[in-house]
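Each chain is listed here by its residues.
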Amino acid sequence: MRVLVTGSTEGLGLAAVETLREQGHGVVAHARTEDRAEALAALTARGVELVVGDLEDRDAVARIAADLNAAEPLDAVIHNAGVWSGNAVMPVNVIAPYLLTALLDAPRRHVYLSSGSHYGGRPTLEGVDWRGDAPGSYGDSKLFVTAFVAALARVRPDLRAAAVDPGWVPTRMGGPNAPDDLDLGHRTQVWLATADDQDAPASGGYWYHRRRREPHDAVHDTGFQDDLLRVLAGETGVALPCGPGQ
Ligand SMILES: NC(=O)c1ccc[n+]([C@@H]2O[C@H](COP(=O)([O-])OP(=O)(O)OC[C@H]3O[C@@H](n4cnc5c(N)ncnc54)[C@H](OP(=O)(O)O)[C@@H]3O)[C@@H](O)[C@H]2O)c1
């Protein structure tokens, strides 16, 4: 397998890169800037590839996708990069994974980091500041990503999509007192990205520690899913390509 992990300079993304590498997979790590890429120097010296770009910047996201489309095809993406607060919440947590999904040609498996916070998200697309001119709601962003996964399972049966709650774990985002298991926090993403086709679970699930969980009711609302796809396509000017037979 050849897997891209976004936001892999620390935390769960870095752990995913290390585990994928240990398991013998090809890995493309990702850093926001060349300076942050120094955190990955030991891994790139051992053959991990690297892409660099700020996911808050839509042009940078499109450039990353174009560079990856010109390289050896990816099998899977772990859309891991995320921010907890501030103006970057919607651009990084929702717009960047949407754009990468729409623009990357090859990968058929997409794993998106959700969160238990998505249960507190509001299932409304009215007044969302997708451009990051004002602070965004983390819970809303994770609800949107989880609904996007359910939408993908319906409209893109050629892809395998999954949303993962990694638990509240002690990373920079989670803080030192987070109670859940840091090691378990990245294992589900790696499993979903690399499972053999015959062992892989159906597309569209919301996962926690390799178990499927019931997400927020709005995730199953096909009207909400369709509205979300329409809004994201309108906002970015990039429609999700149709899958075979669509
Ligand atoms: N930790 C938790 O308890 C928890 C719980 C539920 C869900 N999650 C989700 O799990 C994912 C990983 O979280 P984490 O705890 O590992 O967070 P983290 O330790 O703060 O790491 C976040 C990663 O995302 C990258 N990133 C953030 N903004 C970026 C941008 N604009 N461009 C490129 N890269 C960017 C960071 O790069 P820099 O180092 O350059 O900032 C870093 O590599 C997130 O999606 C988060 O929402 C975490």
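The preceding data block contains the structure.
All of these numbers come straight from a predicted model, not from anything done at the bench.

**What about the sheet that holds strand 2 (residues 26-31)?**
Then, in step 1: Here we have 8 strands laid out as an open sheet, ordered 3-2-1-4-5-6-7-8, and mixed in their pairing. Edge positions in the sheet fall to strand 3 (49-52) and strand 8 (211-213), since each has one partner strand and no second. The sheet shows a mean angle of 25° between the axes of neighbouring strands, direction not considered.
Then, in step 2: Summarising the sheet, strand 7 (residues 205-208) and strand 8 pair through 3 bridges and their orientation is antiparallel. Within the sheet, the bridge partner assigned to W207 lies in strand 8 and is R212.
Then, in step 3: Taken strand by strand, helix 6 (residues 138-155) contacts strand 5 (109-113), strand 6 (160-165) and strand 7, and its axis lies near 155° from that of strand 6.

**So, the packing of helix 4 (residues 58-69) against helix 5 (residues 89-103)**
Then, in step 1: It is the contact of helix 4 with helix 5, at a shortest axis distance of 10 Å, that shows an interaxial angle of 30°. Classified by the interaxial angle, the pair formed by helix 4 and helix 5 is roughly parallel. Regarding helix 4 and helix 5, the two cross each other, and that crossing is right-handed. In this structure, helix 4 contributes R58, V61, A62 and A65 to the contact, and helix 5 contributes I95, A96, L99, L100 and L103.

**Overview of the site of the ligand**
Then, in step 1: Around the ligand lies a shell of 29 residues, among which G7, G11, G82, T171 and G174 are the nearest.
Then, in step 2: Of the residues that constitute the shell around the ligand, the class distribution is 12 nonpolar, 10 polar and 7 charged.

**Describing helix 1 (residues 11-22)**
Then, in step 1: Taking 1.5 Å of rise per residue, 12 residues should cover 16 Å, and helix 1 covers 17 Å from first to last C-alpha, within 8% of that figure.
Then, in step 2: Among the residues making up helix 1, those that are buried are G11, L12, G13, L14, A15, A16, V17 and L20.
Then, in step 3: Next to the buried residues of helix 1 lie strand 1 (2-5), strand 2, helix 3 (41-44), strand 4 (76-79) and helix 7 (184-194).
Then, in step 4: Where helix 1 ends, the next residue or the one after it, G24, has phi of about 90°, a positive value.

**Thoughts on the nonpolar core**
Then, in step 1: V3, A147, F148 and V149 are the most contacted members of the largest nonpolar core, which totals 63 residues.
Then, in step 2: The element contributing the most residues to this core is helix 6, with 10 residues.
Then, in step 3: F148 has contacts with Y98 and L228, leaving out every residue within four places of it along the chain.

**What about unusual backbone geometry?**
With the exception of glycine, the majority of residues adopt a negative phi angle, and the majority of peptide bonds are in the trans configuration.
Then, in step 1: The phi dihedral of H209 is positive, around 50°, even though this residue is not glycine.
Then, in step 2: If you trace the backbone, H209 turns up in the loop between strand 7 and strand 8.
Then, in step 3: Despite not being glycine, R210 shows a phi value in the positive range, around 65°.
Then, in step 4: Here R210 shows up in the loop between strand 7 and strand 8.

Reading guide: rules and limits
Residues numbered from 1 in each chain as written. Predicted model: local features only at pLDDT ≥ 70, side-chain atom pairs only at ≥ 80, totals over all residues. Pairing = 2+ DSSP bridges. Helix = DSSP H or I, 4+ residues; strand = E, 2+ residues; numbered from the N terminus. Axes fitted to C-alpha atoms, helices over the stretch in contact; angles between N-to-C directions. Contact = placed C-beta atoms within 7 Å. Parallel < 35°, antiparallel > 145°, perpendicular 65-115°, else oblique. Left-handed = near helix turned anticlockwise from the far one by under 90°. Near = placed C-beta within 6 Å. Nonpolar A, V, L, I, M, F, W, Y, C, P; charged D, E, K, R; others polar. Expected span 1.5 Å × (residues − 1). Buried ≥ 20, exposed ≤ 12 C-beta atoms within 10 Å, placed from the backbone. Core = buried A, V, L, I, M, F, W, Y, C linked by C-beta atoms within 7 Å.

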